[in-house]
Amino acid sequence: MKALAILAGLLPALARAALNVTGSTCTVTPLPSTGGQEPDDTPQILQAFKQCGTNGKIVLEEGLFHIGQVMDTLSFNNVDIEIHGTMRWSSNIQYWLRSSLPVTYAGRSTAWRVGGTDIRIRGFGKALFDGQGQLWYDQNRGQSNQNGRPISLTLWHAKNVLVDGITWRQSQFWHTFVAYSENITMTNLDMNATSNSQWSTVNTDGIDTWNSNNIFLQNWTVTCGDDCISMKGNSTNVYASNVHCYESGCAVIGSIGSNAGQPDYVSNVYYDNFTCTHSSNAAWIKTYSGSGYVRNVTFANFNFADVNQPIYVTPCIYGSSGCDSSRLKISDVRWINITGTSRYNIASAIHCSGAAPCDGFHFENVNIKNKDGKSTKYLCSNIANQGQSGIPCTGTCPASWPQQLSGDG
Ligand SMILES: *[C@@H]1O[C@H](CO)[C@@H](O)[C@H](O)[C@H]1NC(C)=O
Ligand SMILES: *[C@@H]1O[C@H](CO)[C@@H](O)[C@H](O)[C@H]1NC(C)=O
Ligand SMILES: *[C@@H]1O[C@H](CO)[C@@H](O)[C@H](O)[C@H]1NC(C)=O
Ligand SMILES: *[C@@H]1O[C@H](CO)[C@@H](O)[C@H](O)[C@H]1NC(C)=O
Ligand SMILES: *[C@@H]1O[C@H](CO)[C@@H](O)[C@H](O)[C@H]1NC(C)=O
Ligand SMILES: *[C@@H]1O[C@H](CO)[C@@H](O)[C@H](O)[C@H]1NC(C)=O
Ligand SMILES: *[C@@H]1O[C@H](CO)[C@@H](O)[C@H](O)[C@H]1NC(C)=O
Ligand SMILES: *[C@@H]1O[C@H](CO)[C@@H](O)[C@H](O)[C@H]1NC(C)=O
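Just so you know, these numbers come straight off a predicted model, no measurement behind them. (Residues numbered from 1 in each chain as written. Chains lettered and ligands numbered in written order. Predicted model: local features only at pLDDT ≥ 70, side-chain atom pairs only at ≥ 80, totals over all residues.)

Attention now moves to the overall build of the protein chain. Scanning the protein chain from N- to C-terminus turns up four helices and 26 strands. Computed over the C-alpha atoms, the radius of gyration of the protein chain is 23 Å, within 12% of the 22 Å expected from 2.2 N^0.38 for a compact globule of 409 residues. When its C-alpha atoms are laid out on the principal axes, the protein chain stretches across 85 × 40 × 35 Å. Burial status across the protein chain gives 47% buried among its 409 residues. (Helix = DSSP H or I, 4+ residues; strand = E, 2+ residues; numbered from the N terminus. Rg over C-alpha atoms; globule rule 2.2 N^0.38 Å. Buried ≥ 20, exposed ≤ 12 C-beta atoms within 10 Å, placed from the backbone.)

This part covers the environment of Leu60. Mapped onto the secondary structure, Leu60 falls in strand 3 (residues 54-60). Between the alpha carbons of Leu60 and His84 there is a distance of 5.9 Å; along the sequence they are 24 residues apart. Sequence-distant contacts of Leu60, that is, excluding residues within four places in its chain, are made with Val28, Ile45, Phe65, Glu82, Ile83, His84 and Gly85. (Contact = placed C-beta atoms within 7 Å.)

When its domains are assigned, the protein chain resolves into domain 1 (32-153 + 190-203) and domain 2 (205-409). Across the boundary between the two partners, domain 1 contributes 10 residues, which contact nine residues of domain 2. Looking at the side of domain 1 that touches domain 2 residue by residue, the classes come out as four nonpolar, five polar and one charged. (Domains from an automatic or database assignment. Nonpolar A, V, L, I, M, F, W, Y, C, P; charged D, E, K, R; others polar.)

Glancing now at helix 2 (residues 42-52). For helix 2, the full list of buried residues reads Gln44, Ile45, Ala48, Phe49 and Cys52. One side of helix 2 carries all its buried residues, which in axial view fall inside an arc of 140°. (Arc of directions from axis to C-beta.)

The local shell around ligand 3 consists of Asn192, Thr194, Thr223 and Tyr246. When the residues that make up the shell around ligand 3 are grouped by side-chain class, the tally is one nonpolar, three polar and no charged. (Near = placed C-beta within 6 Å.)

Let's shift gears to the site of ligand 5. In the vicinity of ligand 5, the contacting residues are Asn242, His244, Asn273 and Thr275. Contributing elements (two or more residues each) for the shell around ligand 5: strand 17 (235-246) and strand 19 (264-277). Counted by class, the shell around ligand 5 contains no nonpolar, four polar and no charged residues.

In terms of burial, strand 16 (residues 227-231) is a largely internal element, five of the five residues being buried. Where strand 16 meets strand 18 (residues 249-256), four bridges bridge the pair, whose relative direction is parallel. Residue Ile229 lies in a different strand from strand 18, and its bridge partner there is Ala251. (Pairing = 2+ DSSP bridges.)

Another aspect to go through is the sheet that holds strand 8 (residues 109-110). One key point about sheets: their strands pair by backbone hydrogen bonds, in either a parallel or an antiparallel sense. Read from one edge to the other, the open sheet built from three strands follows the order 7-8-10, with strand pairing classed as mixed. The sheet is open, and its two edges are formed by strand 7 (101-102) and strand 10 (150-151), each paired on a single side. With two bridges connecting them, strand 7 and strand 8 associate as antiparallel partners. Counterpart to Pro102 in the pairing with strand 8 is Ser109.

This brings us to the nonpolar core. Judged by nonpolar contacts, the single largest core of 111 residues is most densely connected at Ala251, Ala282 and Ala283. When residues of this core are assigned to their parent elements, the largest contribution, eight residues, is made by strand 11 (residues 153-169). Residue assignment places this core across two domains, with domain 1 (32-153 + 190-203) and domain 2 (205-409) each supplying three or more. Here Ala282 is in contact with Cys250, Ala251, Cys276, Phe302, Phe304, Val307, Pro310, Ile311 and Gly340, once residues within four sequence places are set aside. (Core = buried A, V, L, I, M, F, W, Y, C linked by C-beta atoms within 7 Å.)

Below you can see the structure in the form of structure tokens.
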């Protein structure tokens with residue numbers, strides 16, 4: 001009886017300290033660690049999202065928030081979410097493997113799904129998302145995608161969203177995923193997932209988009225294990241600019257077309273002012289031999305240094321079949337003002353499907369030098385109207401051309 005009374009007296013005090021609801025503003029402060037025991041701030045944060053998620057404001061104060069549970073927050077409506085502190089996702093790998101929320105794309109899942117309408121998430125350059133990814137990289141031991149390994153933040157059936165001013169360190173898996181969403185603005189984001197062990201990060205992409213349209217990305221700095229900015233199937237009307245990508249695939253379309261029974265369409269993508277440092281590829285399009293199309297893509301104002309394979313197009317990624325039978329057509333793609341150095345003697349490798357030759361390809365002011373001063377090759381196969389493309393083709397590009405080179409070609 002007495003113990004209960006004490007507990008009952010204590011709990012509201014704790015709750016008051018952690019969550020303050022004043023009108024339509026919910027303010028969350030992090031719980032202190034007690035006796036070496038890590039607290040879990042997720043219940044208070046979820047409560048705040050619930051109470052102030054419609055026509056309200058949620059403020060996460062400075063300090064360290066421990067996120068021990070998935071957050072499935074799909075019904076925001078006109079909300080400002082202001083994050084001033086660090087959100088650190090727990091190290092309980094087994095929990096996440098069991099409980100991460102599905103996002104349907106290729107069996108992937110996520111730690112946090114955000115959905116609804118008119119959502120503004122601001123980090124003021126102070127918000128830090130710490131995925132404790134090193135634990136994930138080490139236990140994954142360089143294997144490919146692992147079921148249940150969570151994407152950090154997913155915009156899911158979300159409309160009119162701003163995500164601004166957030167820093168990510170050691171993301172568990174992809175940093176962000178945008179699916180079934182429209183009118184999405186993501187600006188001033190800083191991401192770095194770098195393994196400090198023998199095991200590589202494996203697919204800690206900066207962003208992947210899917211079944212979404214009207215996406216505006218600006219001012220990103222990304223160091224990650226795989227693709228910095230990547231548009232997957234049914235992404236349309238995308239503008240991404242001022243991106244500095246280190247170590248990773250820089251500006252990417254794909255992979256798409258992996259399911260022949262389900263078409264993937266990508267159109268109207270404009271990548272502008274990208275810097276790629278020591279990247280694997282700078283401006284590339286990778287598809288499987290499925291169905292759909294890639295149409296109207298511009299890569300403009302690219303500057304890069306020491307890139308493995310600067311320009312690359314393939315209809316049969318990762319050694320998949322159908323390099324010359326694919327009907328997934330790639331057309332109206334422009335590379336304009338592309339300057340930088342390649343690691344090997346290959347400036348561009350473009351192999352299009354024999355069954356659906358690329359059309360409307362255009363090089364303008366493309367100037368790629370080998371970093372050691374060797375002459376560079378521009379390999380081309382199955383490009384319609386090649387003569388008008390401006391591509392200084394030096395030879396054919398074999399169907400089996402690899403996406404990463406390990407030496408001169
Ligand atoms: C809750 O927030 C309001 C508005 O910021 C503030 O005036 C009040 O003191 C806070 N209450 C507690 C218990 O922290
Ligand atoms: C798009 O989203 C932004 C918030 O990022 C909002 O200000 C704007 O009004 C939205 N546009 C439309 C057409 O709804
Ligand atoms: C990313 O983090 C690694 C490891 O901490 C660091 O060496 C590297 O300089 C960082 N990259 C950028 C662009 O800051
Ligand atoms: C992006 O950075 C440029 C300067 O580098 C700045 O002019 C622009 O306002 C920034 N964009 C946003 C959305 O903050
Ligand atoms: C290009 O992007 C860089 C950041 O990567 C930025 O500093 C610069 O201002 C941008 N240039 C233009 C013309 O917007
Ligand atoms: C892409 O959109 C098309 C047409 O709306 C649809 O048939 C297809 O299933 C979508 N693809 C995927 C992978 O969702
Ligand atoms: C091509 O994409 C750009 C945006 O990148 C858009 O402004 C233009 O209207 C598109 N062209 C066509 C024919 O759809
Ligand atoms: C290419 O660069 C020139 C010179 O800097 C510039 O005037 C032009 O606008 C750029 N083209 C595009 C498509 O950005």
